[in-house]
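Each chain, written out:
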Amino acid sequence: MTAITDVMPGRAGVYARLAKLDVWDYYLALPLAWSIIGPAAWFQPSVLGMLALFGIGTVFVVASAVTFDDVTGFVDGSDSANYGPDAPARKLARKPLLTGEITVVEAVRFGWCAAAVGAVFWVLAALVAPFSLMWTIGLAALCLVTAVQYSWGLKISYRGWQEVFLAGFGIGLVLCAVGFATGTVSAFGIVQAVLFGLGPLMFGVYSNTRDAAGDAAVGRPTVAALTTENGNRLFIAGLTVAETALIVAAAGLGAAPWWFSLVMLPAIILRVAQLRRGIGLGDLLGARTLGLRVHRLTAALLIAVNLVGAWS
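Basis of the calculations
- Residues numbered from 1 in each chain as written.
- Predicted model: local features only at pLDDT ≥ 70, side-chain atom pairs only at ≥ 80, totals over all residues.
- Heavy atoms only, no water.
- Core = buried A, V, L, I, M, F, W, Y, C linked by side-chain atoms within 4.5 Å.
- Buried < 20%, exposed > 50% of the residue type's maximum accessible area, 1.4 Å probe, protein only.
- Helix = DSSP H or I, 4+ residues; strand = E, 2+ residues; numbered from the N terminus.
- Contact = heavy atoms within 4.5 Å.
- Disulfide = S-S within 2.5 Å.
- Expected span 1.5 Å × (residues − 1).

Caption draft 1: Up close: the nonpolar core. One finds Met50, Phe54, Trp122, Phe169, Val174, Phe180 and Phe260 to be the most contacted residues of the largest nonpolar core, which totals 81 residues. The greatest single-element share of this core, amounting to twelve residues, is contributed by helix H11 (residues 162-182). Not counting chain neighbours up to four residues away, the residues in contact with Met50 comprise Ala125, Val128, Ala129, Ala177, Phe180 and Ala181.

What follows is the structure, encoded as structure tokens:
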């Protein structure tokens, strides 16, 4: 399938690749949030308008975060180490700073412009939202600041917070969108937000494992860079078990429908397959790709659960 970044012309295509528009996994927070809020609010104009504005803002905020991440990785040399000269051309094309198609100055300018546009759209979303409570505004502000500062300024991913952000940003997106729409989030909504947030983390840890040496060389303290190989394996296995335990516990304790675990079984099976591929067989890139698919499947299953549950 041809990615959107492959068909955009000239400089637009370069900036689209810099913004990683072909990786849309965080954007799935919006349809998931829509499904969570329930049929009474699904087609309210104010809710749909808020979600549209918040979704557009999310695209720009994520573009800012990944742009600054590329700038920092280019400047400190970690991207050169992790994307060596033997990398496939398509893989290198995702790093236009490495290929020389864009300068650091241009990338930084784009990063700040994307952050500003994203912030404007999120403010507009809050203004039109049915509920703009302090906790949702504060959480949105936290998501914005940490995204921009992920690899820039405070460099929170260089201070031991990378794994927390990868999960926390996705959780925050879902909670903000639901909160703006309804003013509150149910226990099951929180469970779904956490499962959604675990998705990017569960493919990110395999990338981190592959990049451990390069990250350690530039002082980026991911779990993979800080621990032994066995310690990192235990960390990834623990995350896999914790995700499954959350699904089972949510159904068993009544936060989710009793049939929730059954519906999520395909995602659980694939998550175990991902662990086997990455940790058992050592195919880290294959495990990362499978993790992307598991995350997308999880989001689709959660949406289906909400749609069925609304009418059952």
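Caption draft 2: Spotlight on the state of the cysteines. A full pass over the atoms with the stated rule returns zero disulfides. Not part of a disulfide, Cys143 finds its nearest cysteine sulfur in Cys176, a span of 4.8 Å. Look at Cys143 and you get buried, because its relative accessible area is 4%. Owing to a relative accessible area of 1%, Cys176 belongs among the buried residues under this scheme.

Caption draft 3: Helix H9 (residues 104-128), seen in detail. Taking 1.5 Å per residue as the helical rise, H9 with its 25 residues ought to reach 36 Å, and the 36 Å between its terminal C-alpha atoms agrees with that figure. Buried within H9 are the following residues: Ala107, Val108, Gly111, Ala114, Ala115, Gly118, Trp122, Ala125 and Ala126.

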